[in-house]
Amino acid sequence: MTTTTSVPEAILEAVGGPGNISSLTHCATRLRFELHDASVVDKAAVEAIPGVMGAVPQSGDRYQIIIGGAVQSVYEQITSLPAMKGGAAAPSDAEVKAAARARARGKNAWVDAFFEYLSDSFRPLLPVLLGTSIIIALEAVFEALGYIDTRAPIKPAWLVFTDAMFRSVFYFLPIMVAYNASKKLKIDPWVGTAIMATFLTPNFIALADPSTTTGVTCTTNEVLDTQSCTASVFGIPMQLADYGGQVFVPLMMVAILAPIYKALTKIIPANLQMVFVPFLSFLIMMPVTGFLIGPLGIWVGSALGSALAWLNTTAPIIFAILIPIIYPFLVPLGLHWPLNALMLANIDTLGYDFIQGPMGAWNFACFGATAAVLVIAIRNRNSAMRQTASGALFAGLFGGISEPSLYGIHLRYKRIYPRMLVGCVVGGLVVGIGGGVNASTFAFTSLLTIPVFSPMGLYALAVLAAFMTSFLIILVTDYRTEEDKAQDAAALAAAGGVAGGAVQADPAETAADLAAQSASTTATAVQDGGPAPAAVPAAPPTAGSVTDVVAPLAGRVLALADVEDQVFASGALGNGAAIEPVGETIVVTAPAAGTVVVAPSSGHAYGLTLDNGIEVLIHVGIDTVNLGGTGFDIKVAQGDRVEAGQELVRVDRATVEAAGYALTTPVLVTNTATFASVDAAAEGEVAAGDLLLRVTA
């Protein structure tokens, strides 16, 4: 049977289809869904889709699917699917109630909503921030080499223009944040943009000039060499400030604007909304922002920055170690955005930031761990991990993006994090002992942006120490457990390599693990301690010859694509068919003579290497591994020689169904790639021994 479901279609189906999607956005590595009912999503099935690095269910009905660097392409493919063209279907009353119940169950839904608001307000700006950071890095390189002087009182026009090329992004950042925040809260983004733009116009800036504006009072702080001005507007004092580069002000402003805007749309008749909703929004929010939100937002940013600055000054070593240690736990949860906002606030108020330096220690410790995984994968000929690690390492070293490493590798292998944290500590310690590192602008901590940090030599030493510490520890101790190594050995054997170490089935194995093990050859089973088969495998079939594979149990044939488990339905584990069993006692038999290479103690799955070279996986039921063998009367063990029709297991239907599991049984040819085709050859009802699949050499 040929599987035609594409990755975008598989993702759309896994999240419940377009009718279950309230909204879909993406960040640098993740698809971000807001669903009507997230309880329908099977996390394991999502993570089994080819190209998906992981899934992150969140409280309420938010759901993130990690794709990596190809997220933009996958997002566009999903949104261009015919099923998505008409937009998401309106939810039924039942769906609305289910969504309400799901949100009620999320104890920290408001926390998730807060960080989603921060994330989606900044996320679309990452490309322009990254682009400007490269311009800044190049400028810093030329200045370090003595070719330019950005601090000279008189500068050439081309250098002034170059400064404008990146300073525009930071100066007008409040407008951009206001636009994104308004979209996130589902109001007209241009209304929020226009309100924030008010405070960046030459007219507003002129308020602070007593020579051109009456009612302005300015005071100078001789110690800090700063000036603060207050203007009397409508007889009310307004504290003036430079809002260029501010992020807290637009975030606070839009959060207050949104409920006002939505209330106005309910009060004002539809035919008048286009004029009066923006007009009244301006009339309310522009003064509120100028008199209250603006000064408060600057105070909040300054207070948070001052608190961290105090810690950085009072206990610099503790601060330098604390930042890289907490980041590995903040980033996977999306909780690092407040610190990013503080970095931008520091640059605006202080002219530099002191958080990004120690943060670089975390990033490079992360990249060092990924580099070690890549070396181990190359050494062990693990092509899948080699591709994942090489892509993640490139994104990290040259883009400063850690998510591909985190979601693609580090969160999947429990040995990595504690070893990576040692690198974080070492890098942070170097920064702290050296007296701290400052950044002249917001930058992604990559190889290309090292010149923006000062002292550059100290920063380079710190990130090198963090990188090499993580790299060497993981290279020496490995990132895999013994179970992981066994699974890699089985997969390597399937690819024609040399498998090392015994491969033991575990009750908690996933279908993918079983498929990898079932792909092991009979010779490998003997090498690993299994009994030798009684017969020598037949010679490989000639090209074009067809081999029939019979049904191992009685029931109704089901197309593999209709199986309610994306691991099987996607065809990722091989082509084949499925059978809905009949009878109170389900008897599963060997379809032909061969060797049992997978037979877990749970009894739910069997991998056979047939004498004709076909490798078959019979998976009895969906998620039945969770029963731990209850209801399964196992008749064979790993390494056993079986003949056609010999019983593998007897399954009690009542026990399995009482536990809430389906008995749909996929029958797959796991080495599909070695054949010209594997096609379903039966429909309707079949008995054990009837034709099920045709395999063409």
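Residues numbered from 1 in each chain as written. Predicted model: local features only at pLDDT ≥ 70, side-chain atom pairs only at ≥ 80, totals over all residues. Heavy atoms only, no water.

The next point concerns the overall build of the chain. Along its length, the chain carries 25 helices and 23 strands. Residues counted as buried form 51% of the 697 residues belonging to the chain. In the chain, of all internal contacts separated by at least 6 residues, the share reaching a separation of at least 24 is 72%. Only carbon and sulfur atoms are counted for the fraction: they give 63% of the accessible area of the chain, which is about 30100 Å². (Helix = DSSP H or I, 4+ residues; strand = E, 2+ residues; numbered from the N terminus. Buried < 20%, exposed > 50% of the residue type's maximum accessible area, 1.4 Å probe, protein only. Contact = heavy atoms within 4.5 Å. Areas by Shrake-Rupley, 256 points an atom, 1.4 Å probe, with all protein chains shown as cover.)

For any two helices packed against each other, the geometry is given by the interaxial angle and the distance between the axes. Following both chains from N to C, one finds helix H14 (residues 316–330) and helix H16 (residues 356–379) inclined at 45°, their axes separated by 8 Å at the closest point. Taken together, H14 and H16 sit at an angle that is classed as oblique. As for the relative orientation of H14 and H16, their crossing is right-handed in sense. Between H14, through Phe319, Ala320, Ile323, Pro324, Tyr327 and Pro328, and H16, the contact on the second element is made entirely by Pro358, Met359, Ala361 and Trp362. Among the residues forming the contact of H14 with H16, the class breakdown is 10 nonpolar, no polar and no charged. (Axes fitted to C-alpha atoms, helices over the stretch in contact; angles between N-to-C directions. Parallel < 35°, antiparallel > 145°, perpendicular 65-115°, else oblique. Left-handed = near helix turned anticlockwise from the far one by under 90°. Nonpolar A, V, L, I, M, F, W, Y, C, P; charged D, E, K, R; others polar.)

Before going further, it helps to examine the pattern of salt bridges. Counted by the stated rule, this structure contains 9 salt bridges. As a salt-bridge pair, aspartate 548 and arginine 694 come within 3.3 Å of each other at their nearest N and O atoms. Here aspartate 548 is found in strand E10 (residues 546–550), whereas its partner arginine 694 is found in strand E23 (residues 691–696), with 146 residues between them in sequence. Arginine 650 is the salt-bridge partner of glutamate 647, the closest N and O atoms lying 2.9 Å from each other. For glutamate 647, a relative accessible area of 26% translates into the label partly exposed. The partly exposed category is assigned to arginine 650, whose relative accessible area is 33%. One network of salt bridges, in which partners are shared, links Asp611, Arg641 and Glu643. (Salt bridge = Lys/Arg side-chain N within 4 Å of Asp/Glu carboxyl O.)

Take the pairing of strand E4 (residues 62–66) next. Consecutive residues of a regular strand have side chains that alternate between opposite faces of the sheet. Across the 5 residues of E4, 5 count as buried, placing the element largely inside the fold. Burial of the side chains of E4 extends over both faces: Arg62, Gln64 and Ile66 are buried on one face and Tyr63 and Ile65 on the other. Judged from the 4 bridges that link them, strand E3 (residues 54–57) and E4 form a sheet pairing that is antiparallel. Looking at E4, one finds that valine 56 is bridged to glutamine 64. (Pairing = 2+ DSSP bridges.)

Now for the pairing of strand E11 (residues 555–559). Sheet topology note: the E11/strand E22 (residues 685–686) ladder contains 2 bridges and is antiparallel. From the neighbouring strand, glycine 555 faces E22, where its bridge partner is valine 686. Where E11 meets strand E12 (residues 575–581), 5 bridges bridge the pair, whose relative direction is antiparallel. If you follow arginine 556 over to E12, its bridge partner there is glutamate 580.

Turning our attention to helix H8 (residues 157–171). Side chains that are three or four residues apart share a direction in an α-helix, a result of its 3.6 residues per turn. Across its 15 residues, H8 extends 20 Å between first and last C-alpha, which sits within 8% of the 21 Å expected from 1.5 Å per residue. At methionine 165, H8 shows its maximal kink, close to 35°. Among the residues of H8, Leu159, Thr162, Asp163, Phe166, Val169 and Phe170 are the ones counted as buried. (Expected span 1.5 Å × (residues − 1). Bend = angle between axes of the 7 residues up to and from the residue.)

As a further point, take the nonpolar core. Formed by 99 residues in total, the largest nonpolar core has its most connected members in Met253, Ile355 and Ile416. In this structure, isoleucine 416 is in contact with Ala369, Val373, Ile409, His410, Ile474 and Tyr479, ignoring residues within four places of it in sequence. If you look at the next biggest cluster of nonpolar residues, it comprises 37 residues, including Leu608, Leu627, Val669 and Leu693. (Core = buried A, V, L, I, M, F, W, Y, C linked by side-chain atoms within 4.5 Å.)

Moving on, we come to unusual backbone geometry. Trans peptide bonds make up the majority, and among non-glycine residues the majority have a negative phi. For the bond running from serine 454 to proline 455, omega is -5°, close enough to zero to count as cis. Along the chain, proline 455 turns up in the loop between strand E9 (453–454) and helix H20 (456–477). Notably, phenylalanine 234 is not glycine yet its phi reads approximately 55°, a positive angle. With respect to the helices and strands, phenylalanine 234 occurs in the loop between strand E6 (226–233) and strand E7 (236–239). Positive phi values are uncommon outside glycine, yet arginine 381 reaches one of about 55°. With respect to the helices, strands and loops of the structure, arginine 381 is situated in the loop between H16 and helix H17 (383–399). The exposure class assigned to arginine 381 is exposed, which follows from its relative accessible area of 52%.

Remark on secondary structure: sheet strands pair via backbone hydrogen bonds, oriented parallel or antiparallel. Reading across from one edge, E10-E23-E21 is the order of the 3 strands in this open sheet, with antiparallel pairing throughout. This sheet does not close on itself; its edge strands, each paired only once, are E10 and strand E21 (677–680). Within this sheet the neighbouring strands show an average axis-to-axis angle of 25°, counted without direction. Alignment of E10 against E23, held across 5 bridges, turns out to be antiparallel. Bridge pairing links valine 546 to threonine 696 in E23.

With that settled, the discussion passes to the packing of aromatic side chains. Taken as a whole, this structure holds 11 aromatic pairs when the rule is applied. Each ring, one from phenylalanine 453 and one from tyrosine 459, has its centre 3.9 Å from the other, and the planes form 15°; the classification is stacked. Comparing phenylalanine 453 with tyrosine 459, the two get one shared label, buried. Within the aromatic cluster, the residues linked to one another by ring pairs are Phe199, Phe204 and Tyr243. Sitting above the plane of the tyrosine 479 ring, arginine 480 keeps its charged end 5.7 Å from the centroid. (Phe/Tyr/Trp six-rings, centres within 6.5 Å; stacked < 30°, edge-to-face > 60°. Lys NZ or Arg CZ within 6 Å of the ring centre and 35° of its normal.)

All right, on to the sheet that holds strand E13 (residues 585–589) then. Across the sheet, 3 strands lie side by side as E13-E19-E17; this open sheet has antiparallel pairing. Where the open sheet ends on each side, the last strands, each with one partner, are E13 and strand E17 (632–634). For this sheet, the mean angle separating the axes of adjacent strands, direction not counted, is 20°. As defined by bridge partners, E13 adjoins strand E19 (residues 647–652) across 5 bridges and the pair is classed as antiparallel. Among the inter-strand pairings, threonine 589 is bridged to a residue of E19, identified as glutamate 647.

Within the fold, alanine 48 resides in the loop between helix H2 (43–47) and E3. Distance from alanine 48 to phenylalanine 568, taken between C-alpha atoms, is 8.9 Å for residues 520 residues apart in sequence.

Moving on, we get to the side chain of serine 281. By the element assignment, serine 281 lies in helix H13 (residues 273–314). Not counting chain neighbours up to four residues away, the residues in contact with serine 281 comprise Val191, Ile195, Leu257, Tyr261, Leu264 and Met286.

In this model, helix H19 (residues 416–433) (18 residues) spans 26 Å end to end at C-alpha, consistent with the 26 Å of a helix rising 1.5 Å per residue. Downstream of H19 by one or two residues, glycine 435 has phi in the positive range, about 95°.

Let us look at the packing of helix H9 (residues 173–184) against helix H10 (residues 189–197). The N-to-C vectors of H9 and H10 enclose an angle of 150°; their axes lie 7 Å apart at closest approach. Looking at the two axes, H9 sits roughly antiparallel to H10. Pair H9 / H10 crosses with right-handed handedness. Of H10, the residues touching H9 (which contributes Pro174, Ile175, Ala178, Tyr179, Ser182 and Lys183) are Pro189, Trp190, Gly192, Thr193, Met196 and Ala197. Across the contact of H9 with H10, the residue classes break down as 8 nonpolar, 3 polar and 1 charged.

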